[in-house]
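The residues making up each chain are set out below.
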Amino acid sequence: MELAYIPSPSSGVLYLGPVPLRGYAFSILAGLFVALWIVDRRWVARGGQKGTAWDIAFWAVPFGLVGGRLYHVITDYQLYFGEGRNWVDAFKIWEGGLGIWGAIALGAVGAWIGCRRRGIALPPYADALAPGLALAQAIGRWGNWFNQELYGRETDLPWALHITSTEGGRVPGYYHPTFLYEFLWCVGVALLVIWADRRFKLGHGRAFALYVAAYCAGRFWIEYLRVDEAREILGLRLNNWTAMIVFVLAVVYFVMSAKLRPGRETVVEPGAAATGGATGGATDGSAGGDDAPDAAGSGSGSGATEPEAAGKDGKADSPEAKEEAGSKKPDAGSKADASPKEKDGAADKDAAGPGDAKAEDAEAETARADSEDTGPGAADSADARSKDEAGSAKKS
C-alpha cells in the first residue's frame, strides 16, 4: 500500500505557444539570479560598489556553464560518443548534465578575469559569493526533478521519489530523492557560511573554502546513494573521489590562510574605497559643519579679550565709538559707581580734541587690561591714572 511519495512531473517542458519552457533551464536560471542578488548585497556590505557583482558575473557565468558541461561530457563521454550515441547531444545542455566541479573551476577563471578588469582581488569576491552559490546549487537541483534523473537507490521511505519515465533505460519505481537531499544540504551550507562569516569575520577566501568543504562532505554521501551510470575508480564513483580531494584542498587552504593572513580585508574594491572616502569626507565635513558653531563659540569664548580689545581700538576713531567706549568704561573697572569727578572728566574728554581722545582711550584700555590681569589693586591705580589724565585734559 502506497502511503506517501514525492511525485515526478509528467513532463519537464511547458510550452508557451511555440516556445518551450524547460524546467531544468528555469531552475538553473533562477539559481543564478538568486546567487547574483545575494553576492551583490554582500559585496556592497563588505565595502564594494553596487553592480560590481553583476559585471563580474558577465564573465563568470558563461565560463561556469561551459566548464560544467565540459566536466560532464568528459567524465561521462560514453553517453555521447559511445556506440549508438549521437555526439550532437553533447551540446543539448537543456536536457541536463552540468558538473558542479567544472562549473566552479572554469567559473573561477571567468570571475578572475572580471575581477582583474575591475581592479579587485578574487578572494573577497569569492567570500561574498559563497552562500549565494550554495543556494544556486540548491535551486538548480530541482532541474533533476523535472528531468527525472540522478535519483538514488530504491526505497520504501514515505518521502521516496516516484519515477515514471522509461527513457534512457529508467525503471519506474520509488527511489531516494537525492535531488531533495542535496537541496536541503546546500541550504544548510549557505546558512552555515553566513553564520560563520558573521561570527568569525572570515576573509581572504576562507568563507568560500568553508562552503567548498561543507558541500563536499554532503556530496560524498549523496553521491554514494545514486544509481545512475557513472565511471568508477577502485569501487567508488568518480565524483566521490573528486569530493574527497577537493574537501582536503579546501580544508588545507582554510587552515593555511587563517595562519598566514588572519582577519578580513579592510578594502575590497579600491574604486569604492575612494568613493567611500569622498563620501566619508563629506560626511565628516557635514558633521564638522554642524559642530562649527559650537567650535566658533568656544573659540570666541576662550579668546574673547583679544577680539573685544581689537574692536574697541577700531571704534576709537569715530565719535560714536568714543561715546560707546566712554559709556563702557565704568563696566571695565572694579568699581561699580563712578564719582562725579570721573563723570565730569569723561564729559570733558569727549569735548577734547581727537588726538587726545585717542591717547586717553589707548591708555584707558591698557589700564583695564592690567586690571583684569593683576587684580583689584591694579584696577584702582588704573582708575587713578584715568582721573589724572581726565583732569589734565580738562585744563588743556
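Notes on the structure in this doc start here. Here the residue numbers are simple positions, counted from 1 along each chain's written sequence. In keeping with the model being predicted, local features are shown solely for residues with a pLDDT of at least 70 and side-chain atom pairs are shown and tallied solely at 80 or more, while totals for entire chains, interfaces and linings include all residues. The side-chain values count all of the structure's non-hydrogen atoms but skip hydrogen atoms and water molecules.

### Focus on the overall build of the chain
Then comes step 1: Under the DSSP-based scheme used, a helix requires at least four consecutive residues in state H or I and a strand at least two consecutive residues in state E, with every element numbered from the N terminus. Looking only at helices and strands, one finds 15 helices and six strands in the chain.
Then comes step 2: Only protein chains enter the accessibility calculation, which uses a 1.4 Å probe; a residue whose area is less than 20% of its type maximum is buried, one above 50% is exposed, and one in between is partly exposed. Expressed as a percentage of the 396 residues in the chain, the buried residues total 37%.
Then comes step 3: Within the structure as shown, the chain displays about 22,400 Å² of accessible surface, and the carbon and sulfur contribution to it stands at 64%. All accessibility values rest on the Shrake-Rupley procedure with a 1.4 Å probe; residue burial counts only the protein chains present in the view.

### What about helix α2 (residues 52-75)?
Then comes step 1: For α2, which comprises 24 residues, the first-to-last C-alpha distance of 34 Å matches the rise-based estimate of 34 Å (1.5 Å per residue) to within 8%.
Then comes step 2: The seven residues ending at a residue and the seven starting there each receive a fitted axis; the angle between those axes is the bend at that residue. By the largest-angle criterion, F58 marks the main kink of α2, which is about 40 degrees, and a proline, P62, follows within four residues. How far a helix is expected to stretch is found by multiplying one less than its residue total by 1.5 Å.

### Things to note about the side chain of Q137
Then comes step 1: With respect to the element layout, Q137 can be found in helix α5 (residues 122-140).
Then comes step 2: Since its relative accessible area comes to 9%, Q137 is described here as buried.
Then comes step 3: Whenever a nitrogen or oxygen atom comes within 3.5 Å of another N or O atom, the pair is scored as a polar contact, on the condition that within protein one atom can donate a hydrogen and the other can accept it, and that pairs from neighbouring residues in sequence are kept only if both atoms are in side chains. Among the polar contacts listed, one links the side chain of Q137 to the side chain of Y215, at a separation of 3.5 Å.
Then comes step 4: The contact criterion used is simple: two residues touch if any of their non-hydrogen atoms lie within 4.5 Å. Non-local contacts of Q137, meaning those with residues more than four positions away in its chain, are made with I100, E182, C186, Y211 and Y215.

### Structural notes on the packing of aromatic side chains
Then comes step 1: Between rings of Phe, Tyr and Trp, where Trp is taken as its six-membered ring, a pair exists when centres lie within 6.5 Å; planes separated by under 30 degrees are stacked, by over 60 edge-to-face, and by other angles tilted. Considering all chains together, one arrives at 16 aromatic pairs under this definition.
Then comes step 2: Here F58 and W59 contribute two aromatic rings whose centre-to-centre distance is 6.0 Å and whose plane-to-plane angle is 85 degrees, an arrangement assigned as edge-to-face.
Then comes step 3: Three or more aromatic residues link up through ring pairs in this structure, and these residues are W142, W145, F146, F179 and F183.

### Thoughts on the nonpolar core
Then comes step 1: Buried Ala, Val, Leu, Ile, Met, Phe, Trp, Tyr and Cys residues form a nonpolar core when they are joined through side-chain atoms within 4.5 Å. Formed by 39 residues in total, the largest nonpolar core has its most connected members in V39, W101, Y125, V193, F208 and Y211.
Then comes step 2: Mapped onto this core, the elements with two or more residues apiece are α1 (23-45), α2, α4 (100-118), α5, α7 (178-200), α8 (206-225) and α9 (238-260).
Then comes step 3: Ranked by residues supplied to this core, first place goes to α8 with nine residues.
Then comes step 4: With residues up to four places along the chain from it excluded, the contact list for W101 reads Y71, Y215, C216, R219, N239, T242, A243 and V246.
Then comes step 5: The next biggest cluster of nonpolar side chains, apart from the first, holds seven residues, and it includes L161, I163, Y175 and F179.

### Digging into unusual backbone geometry
Then comes step 1: Despite not being glycine, K201 shows a phi value in the positive range, around 55 degrees.
Then comes step 2: Residue position: K201 is located in the loop between α7 and α8.
Then comes step 3: If you check the backbone angles, H204 has positive phi at about 60 degrees while not being a glycine.
Then comes step 4: With respect to the element layout, H204 can be found in the loop between α7 and α8.

### A closer look at the pairing of strand β1 (residues 13-16)
Then comes step 1: We treat two strands as partners when DSSP finds at least two bridges between them. For β1 and strand β2 (residues 19-22), the ladder comprises four bridges, and the chain directions are antiparallel. When the bridges of β2 are listed, V13 appears paired with R22.
Then comes step 2: The hairpin formed by β1 and β2 contains two residues between the paired strands, and G17 there has a positive phi angle of roughly 70 degrees.

### A closer look at a nonpolar patch on the surface
Then comes step 1: On the surface, F247, V248, V251, V252, V255, M256 and L260 cluster together to form a nonpolar patch covering roughly 590 Å² of accessible area.
Then comes step 2: Along the chain, V248 falls in helix α9. In this analysis, a patch consists of residues with relative accessible area above 30% that form no salt bridge, clustered at 9 Å for like charges and at 5 Å for the nonpolar side chains Val, Leu, Ile, Met, Phe, Trp and Tyr. Any Lys or Arg side-chain nitrogen located within 4 Å of an Asp or Glu carboxyl oxygen qualifies as a salt bridge.

### Thoughts on the pattern of salt bridges
Then comes step 1: All told, the structure shown has 13 salt bridges when counted by the stated rule.
Then comes step 2: The partner of R46 in a salt bridge is E265, and the shortest N-O contact between them spans 2.8 Å. Highlighted residues: R46 in the loop between α1 and α2 and E265 in the loop between α9 and α10 (270-302), separated in sequence by 219 residues. Both residues of the pair, R46 and E265, belong to the buried class.

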